[in-house]
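What the coordinates show
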Amino acid sequence: MRTTIAIVGAGPAGLLLGQLLQRAGIDNVIVERRSADYVLSRIRAGVLEQGTVDLLDSVGASQRLHAEGIVHHGFELLLDGRREHIDLDAGGVPVTIYGQTEVTRDLMDARAAQGGQTLYEVDDVAIGGVDGDRPWLDFTVDGVVTRLDCDYVVGCDGFHGVSRRTIPEGVLRTYERVYPFGWLGILVDTPPVNDELVYARHARGFALCSMRSASRSRYYVQVPTEERVDDWSDARFWNELRARLSPDLAERLQTGPSLEKSIAPLRSFVVEPMQHGRLFLAGDAAHIVPPTGAKGLNLAMADVGLLASLFDKAYAGGEPQALARYSELALRRVWRAQRFSWWMTSMLHTLPGLDAFTTRVHGAELDTLLASRAGRATIAEAYAGFPGQTLD
Ligand code: APR
Ligand code: PHB
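A short tour of the structure in this document, coming up. (Residues numbered from 1 in each chain as written. Chains lettered and ligands numbered in written order. Predicted model: local features only at pLDDT ≥ 70, side-chain atom pairs only at ≥ 80, totals over all residues. Heavy atoms only, no water.)

We now examine helix 12 (residues 356-370). Here helix 12 is 15 residues long and its end C-alpha atoms lie 21 Å apart, about the 21 Å a rise of 1.5 Å per residue gives. Each element contacted by the buried residues of helix 12 is listed here: strand 5 (74-79), strand 6 (82-87), strand 14 (198-201), helix 11 (326-348) and helix 13 (373-384). (Helix = DSSP H or I, 4+ residues; strand = E, 2+ residues; numbered from the N terminus. Expected span 1.5 Å × (residues − 1). Contact = heavy atoms within 4.5 Å.)

Dropping the structure here:
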């Protein structure tokens, strides 16, 4: 088999890249280890920056998003019981609440409608030849060992994928922070406790009230990393969440049986560069942010938005050298999002062992920003998302 761009991984990054390349008339094939149903069963975050919505618009995969997504012009910080509203219009643009799972489904449908090729349940993907001009993917599909020759390989295969591991020792520099806590999350068919998302800082630990629709909510509480989901009955979860909310929100909270309950660890992670020879890394394959800034999906989308425009420059514009700038351009945005995600995480979570003085200083840092119009706008701008990185 032969294609122009071989994409590893059919998560949101791989699927969006596939669509952007289809639009640009650049042939591509996606190989995915799991089945389509499995990919659609993963519950993930749900805050889309305007830049992400624009990219989905540009590939014609946003009809349902505009019909069912909820536009939010702000969010709340709940600081030890005090409610503070952050107005996104003051510093940036609104965000759209729409589940990542739904984004993935819409991109899958758009790809199917255009006849784009995705191979699911592909085993043993191996990447070769990226140091030369003719790279390839080897894999097994339906028991048949197959080679896919291509011009470039893009690793959109997430944090645990094969692409990053293909790059020889010593090429990549890793920057990492692992936090000693995770988020215990539940999905529930009850109306959200508040019209907007609520990020709560509390002595018992962080909590987040989020939503998927007017009748479906997503709630999280910070728990120690070693905590086990089985130890958390629904009742225990609701009690803990209520304890971290203000009395008015606690009273309004509508509980119900959880549809899903899981614990996600928190990590900040970046590799540099995001390219080696003819292999590019995009999305979670290259970086992870803690979910507190709602940046993971948006960064993945921005990476492939940039990469697709560089491929277009290389093929339609006859400037293949443009591709060499991918890593440098992508990393600028990645690090700004990393900073914001780390900062939100540090300000809002209780860190075991953190001294009382620093805890007070974090509170004062939030108060300082919230007391200033510029400070509020800074938070709003970062949350709403920075503009896409371009070549200029
Ligand atoms: N071969 C083929 N496919 C693979 C392999 C492999 N060896 N390893 C992983 N994959 C697939 C996974 O099954 C998954 O479907 O790659 C896909 C990667 O998708 P995601 O993990 O969703 O990563 P990405 O597309 O970069 O999206 C980033 O996901 O984790 C969230 O916070 C993150 O919202 C962000 C988004
Ligand atoms: C979610 O709805 O799952 C969600 C929302 C905002 C975040 C993280 C997760 O910052």
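A few words now on the packing of aromatic side chains. Under the definition given, this model contains 17 aromatic pairs. Arranged with centres 5.6 Å apart and planes meeting at 75 degrees, the rings of Tyr-219 and Trp-238 form a pair that is edge-to-face. Note that Tyr-219 is positioned in strand 16 (residues 216-224) and Trp-238 in helix 8 (residues 234-244), a separation of 19 residues in sequence. The interplanar angle of 80 degrees and the centroid separation of 5.6 Å between the aromatic rings of Phe-280 and Tyr-326 together place this pair among those described as edge-to-face. Of this pair, Phe-280 sits in strand 19 (residues 279-281) while Tyr-326 sits in helix 11, and the two are 46 residues apart along the sequence. The same class applies to Phe-280 as to Tyr-326, namely buried. Each residue in the set Phe-75, Trp-183, Tyr-199, Phe-206, Tyr-220 and Tyr-383 is aromatic and connected to the rest through ring pairs, giving one cluster. Between Arg-278 and the ring centre of Tyr-152, over which it is positioned, the NZ or CZ distance is 4.6 Å. (Phe/Tyr/Trp six-rings, centres within 6.5 Å; stacked < 30°, edge-to-face > 60°. Buried < 20%, exposed > 50% of the residue type's maximum accessible area, 1.4 Å probe, protein only. Lys NZ or Arg CZ within 6 Å of the ring centre and 35° of its normal.)

A few words on the site of ligand 1. The environment of ligand 1 is made up of 24 residues, and the closest members are Glu-32, Arg-42, Arg-44, Gln-100 and Asp-284. Interatomic distance of 2.6 Å between a side-chain N/O atom of Gln-100 and an oxygen atom of ligand 1. One of the side-chain nitrogen or oxygen atoms of Asp-284 is found 2.6 Å away from an oxygen atom of ligand 1. With the chains in place, 89% of the 710 Å² that ligand 1 exposes on its own is no longer accessible. Counting residues per element, the ones that place at least two in the shell around ligand 1 are helix 1 (12-23) and helix 10 (296-315). A total of three residues in the shell around ligand 1 trace back to one element, the largest contributor, which is helix 10. When the residues that make up the shell around ligand 1 are grouped by side-chain class, the tally is 10 nonpolar, seven polar and seven charged. (Near = heavy atom within 4 Å. Polar contact = N/O pair within 3.5 Å; in protein donor to acceptor, adjacent residues only side chain to side chain. Areas by Shrake-Rupley, 256 points an atom, 1.4 Å probe, with all protein chains shown as cover. Nonpolar A, V, L, I, M, F, W, Y, C, P; charged D, E, K, R; others polar.)

Quick look at the state of the cysteines now. For the structure shown, the criterion picks out zero disulfides. We note that Cys-150 lacks a disulfide partner, and the nearest cysteine sulfur, in Cys-156, lies 13 Å from it. Judged by its relative accessible area of 0%, Cys-150 falls in the buried class. (Disulfide = S-S within 2.5 Å.)

A few words now on the pattern of salt bridges. One pass over the full model with this rule turns up 25 salt bridges. Among the salt bridges present, the one from Arg-2 reaches Asp-151, with a minimum N-O distance of 2.5 Å. Of this pair, Arg-2 sits in the segment before strand 1 (5-8) while Asp-151 is found in the loop between strand 11 (144-149) and strand 12 (152-155), placing the two residues 149 residues apart along the sequence. Between Arg-83 and Asp-248 there is a salt bridge, with the nearest N and O atoms lying 2.6 Å from each other. Taken together, the positions of Arg-83 in strand 6 and Asp-248 in helix 9 (residues 247-252) put the pair 165 residues apart, joining distant regions of the chain. (Salt bridge = Lys/Arg side-chain N within 4 Å of Asp/Glu carboxyl O.)

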